[in-house]
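Observations on chain architecture
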Amino acid sequence: MKSSKREKTPKNPTEKTNEDRLVILGSKGGPAIRPGGPSPTSCLLEIAGRTCVIDCGLGVTRGLVEAGVTLKDLDLIFITHMHSDHMLELGPLLHTAWTTGFQTKVTVFGPEDLKDYWDGFLASMRYDIDLRIEDEGRLDLRDLVDIRVIEAGRVIEDGALDLTGGDLRVSALRVDHPPVVDCFALRFEVEDENGNWSVVFGADTAFFPPLAEFSSGADILVHEAMLEHGVDRIVEITGYGERLRQHLMASHTLAPKAAEIAALAKTQHLVLNHLIPADLPGFEEQDWLDACAPQFKGKTTVGFDGLTISRERS
Ligand SMILES: [Zn+2]
Ligand SMILES: [Zn+2]
């Protein structure tokens, strides 16, 4: 059995509560980082006594620590797709957790190609891993990580995987993110003494109406978003021209269309994330809210690194 089920009483109440919560650790779309700016994509979801990390863009390790997660309690990790802004730091996160002292298996769900990444990472770190096993008496990192392939449909059922408690359900939907084929939205649900709570991560996707059905009635929908005049500005700055614009428009979603998905899904709360642009001057929170307001009348929050949304008790 995993020992990582969160304790009822936090060790340090000032650092962490045991309430179910969503924390946006990295809110920007794309792999670049800039001084003082936000990090690429990663999220923390604490639900049904489980600690779930969704995507592992650059900065995820620091983000988790700052959010009060003890790395040796790392539990479940989900990688939505193999773009680097969603998984570049998976290996360093797992290795850092290992050197912090984890001794129980971490399960990582992701596309088929994740296996190659993990094997390659382990090979690249062979010297250090072997040395620490020999010199410090550590367990073998290679035995502590279980990589599992996500397939559209059910990922985790109650009781499957020997999940303690068995209250968590996670399902996956293949979304439209060309040219990537294996890109999965994820729905996390719990039903317990406090009622139901469901959180959907839309991954990277173009406007995709089946995502609305998949997100139906969710308490929170985390959806990627772009601002059209922001795309114009990025195309202008980078000099990549129409090719970049075509890529962005074909595989991502403008904020009003993200709002349309939220309205179709009748979600309670839309969280805009994977923002494009994320850190260009001249683009304010109100621009995002104004872009969504005509389509979606529910609560809308613009993501930022550290944004925390706690489960509301019914
Ligand atoms: Zn991305
Ligand atoms: Zn992507």
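Here, residues in each chain are numbered from 1, in the same order as that chain's written sequence. Chains and ligands are labelled by the order in which they are written, letters from A for the one and numbers from 1 for the other. For this predicted model, a pLDDT threshold of at least 70 governs which residues receive local features, and a threshold of 80 or more governs which side-chain atom pairs are given and counted, while totals over whole chains, interfaces and linings are taken from all residues. Calculation of side-chain values draws on the structure's entire complement of heavy atoms; hydrogens and water are dropped beforehand.

A few words on the environment of Thr-70. Here Thr-70 lies in the loop between α1 (60-66) and β4 (76-78). For the pair Thr-70 and Gly-101, spaced 31 residues apart in the sequence, the C-alpha separation amounts to 9.9 Å. The helix count covers DSSP runs of H or I at least four residues long, the strand count covers runs of E at least two residues long, and both are numbered beginning at the N terminus.

What follows covers the coordination of the zinc ion (ligand 1). Listed donor atoms are N, O and S within 2.8 Å of the metal (Na, K and Ca: 3.2 Å). As water is not included, a site may look incomplete. The protein atoms that coordinate the zinc ion (ligand 1) are Asp-85 (OD), His-86 (NE2), Asp-204 (OD) and His-274 (NE2), at distances spanning 2.1 to 2.2 Å. In short, tetrahedral needs four donors with all angles between 85 and 135 degrees, square planar needs four and octahedral six donors with opposite donors over 155 degrees apart and all other angles between 65 and 115, and whatever is left is irregular. Considering all four donor atoms around the zinc ion (ligand 1), the spread of angles at the metal, 85 to 170°, places the coordination shape in the irregular class. Each donor residue of the zinc ion (ligand 1) lies on the same chain, and together they follow the pattern D-H-x117-D-x69-H. Separating the zinc ion (ligand 1) and the zinc ion (ligand 2) is a distance of 3.4 Å, and Asp-204 donates to both of them. Here the residue Asp-85 occupies a position in helix α2 (residues 84-87), and Asp-204 occupies one in the loop between β10 (195-201) and α6 (210-214), the gap between them amounting to 119 residues. In this structure, Asp-85 and Asp-204 share a single accessibility class: buried. The cut-offs for exposure are 20% and 50% of the maximum accessible area for each residue type, with area from a 1.4 Å probe on protein chains only; residues under the lower value are buried, those over the upper are exposed, and the others partly exposed.

What follows is about unusual backbone geometry. The amide bond that connects Pro-178 to the next residue, Pro-179, takes the cis arrangement and shows omega of 5°. Positionally, Pro-179 belongs in the loop between β8 (168-174) and β9 (184-192). Despite not being glycine, His-274 shows a phi value in the positive range, around 50°. Tracing the backbone shows His-274 in strand β12 (residues 269-276).

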